[in-house]
Amino acid sequence: MEWDWEFVRQILPDLFSGLKITIIATVLGAAFAAVGGLVFAILRRSGNRAVARSASFLVEFIRGTPLLVQLYFIFYVLPDLGIRLPALLAGVIGIGLHYSTYAAEVYRSGIENVSRGQWEAAKAVNLSVRQTWVHIILPQAIPPMIPALANYLIAMFKETPLLSAITVLELMNQAKSLANSNYRYVEPMTIVGVFFLVISLISVMGVRMLEVRFAPKDDR
Amino acid sequence: MNKPIIRLDKIVKAYGTHTVLDGLSMDVKAGEKIALIGPSGSGKTTILRILMTLESISGGTIEVDGDYLYHMKDASGALVPANEAHMHRMREKIGMVFQHFNLFPHKNVLDNVTLAPILTKGVARAEAEKRAMELLEMVGLADKARHMPAQLSGGQKQRVAIARALALSPKIMLFDEVTSALDPELVEEVLNVMRRLGEETDMTMLLVTHEMGFAHDFADRVLFFDRGRIVEEGPPDAIFRNPKEERTQNFLRKIIAAGHRV
Ligand SMILES: Nc1ncnc2c1ncn2[C@@H]1O[C@H](COP(=O)(O)OP(=O)(O)OP(=O)(O)O)[C@@H](O)[C@H]1O
Ligand SMILES: [Mg+2]
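Residues numbered from 1 in each chain as written. Chains lettered and ligands numbered in written order. Predicted model: local features only at pLDDT ≥ 70, side-chain atom pairs only at ≥ 80, totals over all residues. Heavy atoms only, no water.

Some thoughts on the overall build of chain B
So, point 1. Within chain B one finds nine helices and 12 strands.
So, point 2. Dimensions of chain B, computed from C-alpha atoms along their principal axes, come out at roughly 55 × 50 × 35 Å.
So, point 3. Each of the 262 residues in chain B was classed as buried or not, and the buried ones make up 55%.
So, point 4. If you sum the accessible surface of chain B, you get close to 11,600 Å²; carbon and sulfur atoms cover 47% of it.
So, point 5. Distance from the positive charge centre (34 side chains) to the negative charge centre (35 side chains) of chain B: 2 Å. (Helix = DSSP H or I, 4+ residues; strand = E, 2+ residues; numbered from the N terminus. Buried < 20%, exposed > 50% of the residue type's maximum accessible area, 1.4 Å probe, protein only. Areas by Shrake-Rupley, 256 points an atom, 1.4 Å probe, with all protein chains shown as cover. Lys, Arg positive; Asp, Glu negative; His and termini not counted. Charge placed at Lys NZ, Arg CZ, Asp CG, Glu CD.)

Structural data, given as structure tokens:
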């Protein structure tokens, strides 16, 4: 089998539009996961036992089932219940919800790593609970979380091909359909691999920099 | 100097089944400097933490500056547990300095001191900074205003922590073993600041300390605690030179044997 540059030239525009969808899905999914993770983390800390338990159960449930099954459920089963979502939106919700549970865990440990003394000092200078979160706890909790969150972002990016299972025309799906209609797999699949590799490598380098930048500082 | 600024009435504090304070009552007069001494686990820290509302109480009442700390009167005049707004108002009267400083590590020295006045009292930043600089001047750290806590020595951190607590102009200051975490050569600089505070202000000060020499010079009254009870109390000379109770005598003997100056 020979590498056909002419074919590459033909399919590149479609692959780029697939890449665009992949990136959109990643960015929106990440935004969903960032907010959803915060919601889970807060619910799990709730003083109300029932709320905290339900949130924990939901987190375990989502983590304990494969993302692919969740995507099928959201896209193919929910319509039976009258909830019909466009493929990309279903994909963003599915992947975002799944990664919320990981984000929640990162938030939890980040928040717990802020020492009890910080809460007490904030109370001793009479800050309200809200002021304590905003000015004392979160500014200390978030920077150490950033490398872990960035790692999940990369993992999520690499899982977006799963969205092809629910008809989202992301990079993998584009490549597959180009390959199927032209009976040539080598160029589309190689290009997909290269795209993912290049973006992942750049991202990993980015994470390294974040790790250096936000290395835990030891101080009270 | 007649009505007490702090009145503990039959305070009970239990952790699970472990009762730490079992009906403790005591009064503190406005402006009084009180040293709490006693063996480890006797409940000294617990008393300060309760006054700072860092712990809840299991029974009894506390009055601070004429108002209940953990209670408030409802419409019918009955005593009910205080709500957060009430506790917030009460906390304004009290400041605390911790053994481990607990400075805000992500904020520079000046911001550590100005944060609370700006947020809780709505003081303008310029005014808060002016006052903070005066306080930093007083604790001898005006030149460190733009430093981060991590760049300071333990003694410097503790002096910033004192300035931070003073910035809210509390009527009552609580000090919990504020020199215990310091290298020996840094203890004196913190004690000097406290000495000045004692001389130059009429704040009520409660300190828990193992520095018996300092307690002797500083306090108007010394309370010796054991197992959550006041075993003996009196002016420093009476407690340190001429203790009546056997438990006090034993405690002081051990402390002296451990190399502390009295
Ligand atoms: N959070 C807690 N949970 C359970 N028990 C506690 C807790 N905090 C304090 N205690 C117990 O309460 C008792 C009094 O403790 P406290 O810290 O007030 O003593 P202390 O007089 O300050 O001692 P030290 O000189 O060692 O600081 C101790 O027996 C301690 O084990
Ligand atoms: Mg203690």
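Digging into the site of ligand 1
Residue and element names in this part refer to chain B.
So, point 1. Surveying the vicinity of ligand 1 reveals 13 residues, the closest of which are Ser40, Gly41, Lys44, Thr45 and Thr46.
So, point 2. The side chain of lysine 44 places a nitrogen or oxygen atom 2.8 Å from an oxygen atom of ligand 1.
So, point 3. Between ligand 1 and the protein, one listed contact pairs an oxygen atom with a side-chain N or O atom of threonine 45 at 2.6 Å.
So, point 4. Here ligand 1 has 630 Å² of accessible area as a free molecule, and 62% of this is covered by the chains.
So, point 5. Among the elements of the structure, strand E2 (18–29) and helix H1 (44–51) are those that each provide at least two residues to the shell around ligand 1.
So, point 6. With three residues, the single largest contributor to the shell around ligand 1 is H1. (Near = heavy atom within 4 Å. Polar contact = N/O pair within 3.5 Å; in protein donor to acceptor, adjacent residues only side chain to side chain.)

Some thoughts on the nonpolar core
All names here are of chain B.
So, point 1. Core analysis: the biggest nonpolar cluster contains 53 residues, and Leu8, Leu51, Ile62, Leu174 and Leu206 have the highest contact counts within it.
So, point 2. The element best represented in this core is E2, accounting for five residues.
So, point 3. If near-sequence neighbours (up to four positions away) are discounted, leucine 206 is found in contact with Ile6, Met26, Val28, Ile34, Leu36, Leu48, Leu51, Met173, Leu174 and Phe175.
So, point 4. Formed by 37 residues, the second largest nonpolar core is a distinct cluster that contains Val109, Val139, Leu186 and Met194. (Core = buried A, V, L, I, M, F, W, Y, C linked by side-chain atoms within 4.5 Å. Contact = heavy atoms within 4.5 Å.)

A closer look at a nonpolar patch on the surface
All names here are of chain A.
So, point 1. Together, Leu68, Tyr72, Phe73, Tyr76 and Val77 make up an exposed nonpolar region whose accessible area comes to about 430 Å².
So, point 2. Structurally, leucine 68 is set in helix H3 (residues 67–77).
So, point 3. A relative accessible area of 34% places leucine 68 in the partly exposed class. (Patch = residues over 30% accessible without salt bridge, like charges linked within 9 Å, V, L, I, M, F, W, Y side chains within 5 Å. Salt bridge = Lys/Arg side-chain N within 4 Å of Asp/Glu carboxyl O.)

Concerning helix H5 (residues 154–166) of chain B
So, point 1. Over its 13 residues, H5 of chain B runs 18 Å from end to end, which matches the ideal 18 Å to within 8%, given 1.5 Å per residue.
So, point 2. Among the 13 residues in H5 of chain B, 13 count as buried, and that is most of the element. (Expected span 1.5 Å × (residues − 1).)

Observations regarding the interface of chain A and chain B
Accessible area lost upon the coming together of the parts is a frequently used measure of interface size.
So, point 1. Listed as interface residues are 19 residues of chain A and, on the opposing side, 26 residues of chain B.
So, point 2. Interface area, chain A with chain B, both sides summed: about 2,100 Å², of which 59% is carbon and sulfur.
So, point 3. Broken down by secondary-structure element, the contributors of at least two residues to the side of chain A that touches chain B are helix H5 (116–124) and helix H6 (129–159) of chain A.
So, point 4. Counting residues per element, the side of chain A that touches chain B draws most heavily on H5 of chain A, which supplies eight residues.
So, point 5. Its residues assigned to classes, the side of chain A that touches chain B shows seven nonpolar, seven polar and five charged. (Buried area = accessible area lost by both parts, 1.4 Å probe. Nonpolar A, V, L, I, M, F, W, Y, C, P; charged D, E, K, R; others polar.)

Here's the deal with the confidence of the model for chain A
So, point 1. For chain A, per-residue confidence averages 92 on the pLDDT scale, and residues scoring 70 or more make up 97% of the total.
So, point 2. When mean pLDDT is taken per element in chain A, H5 of chain A scores highest with 97 and helix H8 (residues 186–213) of chain A scores lowest with 90. (pLDDT = per-residue confidence, 0-100.)

So, the sheet that holds strand E10 (residues 204–208) of chain B
All names here are of chain B.
So, point 1. The six strands are arranged E8-E9-E10-E3-E11-E12 in an open sheet whose pairing can be described as mixed. Since the sheet does not close on itself, it has two edges, and those belong to strand E8 (94–97) and strand E12 (229–234), each with one partner. On average, each strand axis in the sheet is inclined to that of its neighbour by 20°, with strand direction left out of account.
So, point 2. Two strands pair when backbone bridges link them, and strand E11 (residues 221–226) and E12 are joined in this way by five bridges, in the antiparallel orientation. Within E12, the residue paired with phenylalanine 224 across the bridge is glutamate 232.
So, point 3. Running at roughly 95° to E11, helix H9 (residues 246–257) makes contact with strand E3 (33–37), E11 and E12 of the sheet. (Pairing = 2+ DSSP bridges. Axes fitted to C-alpha atoms, helices over the stretch in contact; angles between N-to-C directions.)

Some thoughts on the packing of helix H4 (residues 87–112) of chain A against H6 of chain A
All names here are of chain A.
So, point 1. Following both chains from N to C, one finds H4 and H6 inclined at 145°, their axes separated by 8 Å at the closest point. Classified by chirality, the crossing of H6 by H4 is right-handed. For the pair H4 and H6, the contacting residues are Ile95, Tyr99, Tyr102, Ala103, Val106, Tyr107, Gly110 and Ile111 in the first and Trp133, Ile137, Ala141, Met145, Ala148, Leu149, Tyr152, Ala155, Met156 and Glu159 in the second.
So, point 2. When the residues that make up the contact of H4 with H6 are grouped by side-chain class, the tally is 16 nonpolar, one polar and one charged. (Left-handed = near helix turned anticlockwise from the far one by under 90°.)

As for the environment of alanine 150 of chain B
So, point 1. Structurally, alanine 150 of chain B can be placed in the loop between helix H4 (125–138) and H5.
So, point 2. Taking the C-alpha atoms as reference, alanine 150 of chain B lies 9.2 Å from asparagine 108 of chain B; in sequence the two are 42 residues apart.

A closer look at the pattern of salt bridges
So, point 1. Here the structure, examined in full by the defined rule, presents 27 salt bridges over all chains.
So, point 2. A salt bridge links arginine 108 of chain A to glutamate 105 of chain A, with the nearest nitrogen and oxygen atoms 2.6 Å apart. On the criterion of helical spacing, the pair formed by arginine 108 of chain A and glutamate 105 of chain A is a turn pair, its members being three residues apart in helix H4.
So, point 3. For arginine 108 of chain A, a relative accessible area of 29% puts it in the partly exposed group.
So, point 4. A salt bridge links arginine 159 of chain B to glutamate 189 of chain B, with the nearest nitrogen and oxygen atoms 2.9 Å apart. Pair noted here: arginine 159 of chain B is in helix H5 and glutamate 189 of chain B is in helix H6 (residues 184–200), with a separation of 30 residues, a long-range link.
So, point 5. Note on glutamate 189 of chain B: relative accessible area 24%, which makes it partly exposed.
So, point 6. Within this structure, Arg116 and Glu120 of chain A together with Lys13, Arg49 and Glu55 of chain B form a network of salt bridges that share partners.

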